[in-house]
Amino acid sequence: MSLKHALLGLLSERPASGYDLLKRFETSLANVWPATQSQIYTELTKLAGSGLITVAAEGPRGRKEYALTDEGLAELRHWLTETRPQRNTRSDLLLRVFFLGVLRPEQARTYLTELVEMSAREHEQLEQLDEAIDWDDDNLSAYGRIALEYGLRFNAMRREWAEWAAAQIK
């Protein structure tokens, strides 16, 4: 996935300003694809330059509202149907697990216990996010809830695995 496709996806729901998109990132996509304000604005400029989005309206203080073009929608659909998702093969978390044997057993268990706690915190944060969002019937809400459920289940699984792994250390 790329920031480009994340922005196209958000704009497929409705036109939005860079600020609006940043806020939508913070309340929805940040858990799966974080982006900074400067990254978003840089990418919006590129997308507009390539004709995938257009400036639909301009307001005070240079505020621009962007809309998806037909070419942008075609690119988003192509990305969704014609390209395979990239499998994230790097995990700092699991790489460390491979080498826990160089630590004393209590240090290794502490690392895994910290993963239990991290997973519990992240699960709780996602539950709070779920409660804070004013879900409606649009596609972003419907599929956003599905993605949120993935995060909840993933954190529950990681917490359970880390508890099991800590118990394996003698």
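Quick caveat, the model's predicted, so the values are computed rather than measured.

A. Quick peek at the overall build of the chain. In terms of helices and strands, the chain carries seven helices and three strands. Beginning at the N terminus, the succession of helices and strands in the chain can be written as α-β-α-α-β-β-α-α-α-α. In terms of C-alpha radius of gyration, the chain reaches 20 Å, well past the compact-globule figure of 15 Å for 170 residues. With the C-alpha coordinates of the chain rotated into their principal frame, the extents come out at 65 × 35 × 30 Å. The burial tally for the chain puts 30% of its 170 residues in the buried class. The long-range share in the chain, meaning contacts at least 24 apart out of those at least 6 apart in sequence, stands at 57%. Carbon together with sulfur atoms contributes 52% to the accessible area of the chain, which is approximately 11700 Å² in total.

B. Examining the sheet that holds strand 2 (residues 53–58) more closely. Strand order in the open sheet formed by three strands is 1-3-2, and the pairing between neighbours is antiparallel. With one partner strand each, in any of the chains shown, strand 1 (16–17) and strand 2 form the two edges of the open sheet. Relative to strand 3 (residues 64–68), strand 1 runs antiparallel, the two being bridged by two bridges. Directly across from S17, in strand 3, lies its bridge partner E65.

C. Representation of the environment of V55 within the structure. On the secondary structure map, V55 appears in strand 2. Judged by its relative accessible area of 31%, V55 is partly exposed.

D. Focus on the side chain of R158. Mapping R158 onto the fold places it in helix 7 (residues 139–168). According to the relative accessible area criterion, R158 is buried, its value standing at 11%. Setting aside residues no more than four positions away along its own chain, R158 makes contact with L93, M118, S119 and E122.

E. A look at the nonpolar core. With 20 residues, the main nonpolar core has L7, L11, F25, I40, L44 and I53 as its most contacted residues. Going through the elements one at a time, helix 1 (3–13), helix 2 (18–27), helix 3 (37–49) and strand 3 are the ones with two or more residues in this core. Tallying contributions element by element places helix 1 first for this core, with six residues.

Rules used in this analysis
- One numbering rule holds for all chains: residues counted from 1, following each sequence as written.
- Selection of residues for local features in this predicted model requires a pLDDT of at least 70, selection of side-chain atom pairs for listing and counting requires 80 or more, and totals for whole chains, interfaces and linings are taken over all residues.
- Side-chain numbers come from the whole structure's heavy atoms, not from hydrogens or water.
- Under the scheme used here, helices are H or I runs from DSSP no shorter than 4 residues and strands are E runs no shorter than 2 residues, and both carry numbers assigned from the N terminus.
- In this description the radius of gyration comes from C-alpha coordinates, and the expected globular size is given by 2.2 Å times residues to the power 0.38.
- Each residue's exposure class comes from its accessible area (1.4 Å probe, protein chains only) as a fraction of the maximum for that residue type: buried when under 20%, exposed when over 50%, partly exposed otherwise.
- Here, two residues are considered to be in contact whenever any of their heavy atoms come within 4.5 Å of each other.
- Surface accessibility in these figures is a Shrake-Rupley result with a 1.4 Å probe; residues are shielded only by whichever protein chains are displayed.
- Criterion used throughout: strands pair if DSSP finds at least two bridges between them.
- To define a nonpolar core, start from buried Ala, Val, Leu, Ile, Met, Phe, Trp, Tyr and Cys residues and group those joined through side-chain atoms within 4.5 Å.

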